[in-house]
Amino acid sequence: MTIRLPGAQGVLRTYEPRTEPLAVTPGTPLTSRTVFSAAHVVADPFADVTPDAPAAVDWDATLAFRRHLWAHGLGVAEAMDTAQRGMGLDWAGAAELIRRSAAEAKAVGGRIACGVGTDQITGGTLAEIRAAYEEQLAVVEEAGAQAILMASRALAATARGPEDYLEVYGHLLRQAAEPVILHWLGPMFDPALEGYWGSSDLDTATDTFLEVIAAHPDKVDGIKVSLLDARREVDLRRRLPQGVRCYTGDDFNYPELIAGDAQGFSHALLGIFDPLGPLAAEAVRVLDTGDTAGFRALLDPTVELSRHLFQAPTRFYKTGVVFLAWLAGHQSHFTMVGGLQSARSLPHFARAYELADSLGLFPDPKLAEERMKTLLALYGVTQ
């Protein structure tokens, strides 16, 4: 059986899908690395909403996907940018997602950390920004989840320099009940975060970031770095205080960063581990045995798919993630909150399908093929 797929220039090519998926089953808990998958939300396809209306979420399908990740030994990073925070999911929806997912995590014994931001406001004074962070921190802590202090668009717009970041983050860390994860999200993921930590010069911004951590090392479990710059992440993790972890958020270079070197390694908190979940968990279990080469042999081939999904404009990677979840049978449709299913082109989808299928990511390759053909037919491609 073959399928005709459009290339970037609109020329159809023939692809022969796999007939069997990669053999991956849930196994023992991960031990050598702490690994979170940032998880997507599933929209309710029957909700009569407009793209700028509050999100209508299919809670059953959304929570089922989190159980899938937990079953493979991964932690869930909830209500992050993968869940379309600020791109379809507002704070009210995120708060509900946090409460429901945290309760589900408790029920199944899954690890969960949740995003804390300021997206209930669009701007304001430093005091108002602190209050917005505090409101969200309280929701996460009351739900019994670990907090991830996300970068704030409002703070990026209001802060006059590094001292304002030091003041806001210092205030939040002092009152956090448990150690948090600090998230540095680069402007490639969100252009509104340009110049975060008070400078567009990354060396200067890094110094401020490290100053925040050094002042409160007992309140920082780790940092998530999403700058798509492996060398910078390695340099940064080598400068962290003892006991503060680095969670890679680099969806371009994650195998080498997780594998590490003689001076250390990164844990993981990655959006690409949403579609790669079972394979990623299997790779880390191999790494748990000390087999770094085996780990790289499993994970290195996935980088081409990840770079494809996260290609510029990087912030639209969520569209590819949800597309693959639909093809894999984790949801019955390809509808996204905010109408974001329209954010990528048909050739982009076709290449994502081809790369994912070649990796054996689809539990039912025939179902994935049929769904891909359905999408192609909607675009006028006959087989």
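None of the values given here were measured: they were computed from a predicted structure.

Chemist: Hey, could you go over the pattern of salt bridges for me, with residue numbers and the actual values?
Modeler: Side-chain pairing between opposite charges can occur once the charged atoms of the two side chains come close. Applying the stated criterion across every chain, the model contains 20 salt bridges. Note that Arg-239 is salt-bridged to Asp-207, the shortest N-O span being 3.0 Å. Here the residue Arg-239 occupies a position in the loop between α7 (230-237) and β9 (245-248), and Asp-207 occupies one in helix α6 (residues 202-215), the gap between them amounting to 32 residues. Under the relative-accessibility criterion, Arg-239 is labelled partly exposed at 49%. With a shortest N-O distance of 3.3 Å, Asp-235 and Arg-231 are connected by a salt bridge. Here Asp-235 and its partner Arg-231 are both found in helix α7, four residues apart, which amounts to about one turn of the helix. A relative accessible area of 37% means that Asp-235 is categorised as partly exposed. Because the salt bridges share partners, they merge into one network encompassing Arg-13, Glu-304, Arg-351 and Glu-354.

Chemist: Any details on empty space enclosed by the protein? Residues and values, ideally.
Modeler: Scanning all chains against the criterion turns up one cavity of 30 Å³ or more. Surrounding the largest cavity, 16 residues form its lining, Asp-81, Thr-82, Lys-224, Gly-271 and Tyr-317 being those nearest its centre. Mapped onto the lining of the largest cavity, the elements with two or more residues apiece are β7 (180-185), β8 (220-226) and β10 (267-270). Looking at the lining of the largest cavity, its residues break down into eight nonpolar, five polar and three charged.

Chemist: Now, about the sheet that holds strand β6 (residues 146-149): what can you tell me, with residues and values included?
Modeler: The parallel closed barrel is built from eight strands, whose spatial order is β3-β4-β5-β6-β7-β8-β9-β10. The average undirected angle you get between the axes of adjacent strands in this sheet is 25 degrees. With four bridges connecting them, β8 and β9 associate as parallel partners. Paired with Ile-223 across the two strands is Cys-246, which belongs to β9. Strand contacts of helix α3 (residues 126-142): β5 (112-116) and β6, with the helix running at about 165 degrees to β5, the strand carrying the most contacts.

Chemist: Which residues make up unusual backbone geometry, and what values do they have?
Modeler: Excluding glycine, a negative phi dihedral is what most residues carry, and trans is how most peptide bonds are arranged. The amide bond that connects Ala-312 to the next residue, Pro-313, takes the cis arrangement and shows omega of -10 degrees. Inspection of the secondary structure puts Pro-313 in the loop between α11 (303-309) and α12 (317-327). Despite not being glycine, Gln-84 shows a phi value in the positive range, around 70 degrees. Considering the arrangement of structural elements, one finds Gln-84 in the loop between β4 (75-78) and α2 (91-108).

Chemist: Describe in detail the packing of helix α9 (residues 277-288) against helix α10 (residues 292-299), supporting the description with residues and values.
Modeler: With their axes 7 Å apart at the nearest point, α9 and α10 run at an angle of 165 degrees to one another. Considered as vectors, α9 and α10 are oriented roughly antiparallel to each other. Considering how the two elements wind past one another, α9 and α10 form a crossing that is left-handed. Judged by residue contacts, Leu-279, Ala-280, Glu-282, Ala-283, Val-284, Val-286 and Leu-287 of α9 engage Thr-292, Gly-294, Phe-295, Leu-298 and Leu-299 from α10.

Chemist: Before we move on, could you go through the layout of surface pockets and cite the residues and values that matter?
Modeler: Counted as a void, the largest pocket has a volume near 390 Å³. Residue lining of the largest pocket: 23 residues in total, with Arg-85, Gly-86, Asp-119, Arg-153 and Asp-190 positioned closest to the centre. Those elements that provide at least two residues to the lining of the largest pocket are α4 (153-158) and β7. A per-class count over the lining of the largest pocket returns nine nonpolar, seven polar and seven charged. For the second largest pocket, the calculated volume is near 310 Å³. Lining the second largest pocket are 20 residues, and of these Pro-278, Gly-360, Leu-361, Phe-362 and Pro-363 sit closest to its centre.

Chemist: Run through the packing of aromatic side chains, naming residues and quoting values.
Modeler: Enumeration over the complete set of coordinates arrives at 20 aromatic pairs. Ring geometry for Tyr-196 and Trp-197: centres 5.1 Å apart, planes at 80 degrees, overall edge-to-face. Residue classification places Tyr-196 among the buried residues on the basis of a relative accessible area of 2%. Seen from their ring centres, Tyr-254 and Phe-273 are 5.8 Å apart, and the 85 degrees between their planes marks the pair as edge-to-face. Remark: Phe-273 occurs in the loop between β10 and α9 and Tyr-254 occurs in helix α8 (residues 254-259); sequence separation between them is 19 residues. Taken individually, Tyr-254 and Phe-273 each receive the classification buried, so the pair is uniform in this respect. Here the aromatic residues Tyr-133, Tyr-165, Tyr-169, Trp-184, Tyr-196, Trp-197 and Phe-209 are joined through ring pairs into a cluster of three or more.

Scoring rules and cut-offs
Residues numbered from 1 in each chain as written. Predicted model: local features only at pLDDT ≥ 70, side-chain atom pairs only at ≥ 80, totals over all residues. Heavy atoms only, no water. Salt bridge = Lys/Arg side-chain N within 4 Å of Asp/Glu carboxyl O. Helix = DSSP H or I, 4+ residues; strand = E, 2+ residues; numbered from the N terminus. Buried < 20%, exposed > 50% of the residue type's maximum accessible area, 1.4 Å probe, protein only. 1 Å grid on protein atoms, 1.4 Å probe; cavity = no way out; pocket = protein on both sides within 12 Å on 5 of 7 lines; lining within 4 Å. Points joined across faces, edges and corners; volume = space filled by probe spheres on them. Nonpolar A, V, L, I, M, F, W, Y, C, P; charged D, E, K, R; others polar. Pairing = 2+ DSSP bridges. Axes fitted to C-alpha atoms, helices over the stretch in contact; angles between N-to-C directions. Contact = heavy atoms within 4.5 Å. Parallel < 35°, antiparallel > 145°, perpendicular 65-115°, else oblique. Left-handed = near helix turned anticlockwise from the far one by under 90°. Phe/Tyr/Trp six-rings, centres within 6.5 Å; stacked < 30°, edge-to-face > 60°.

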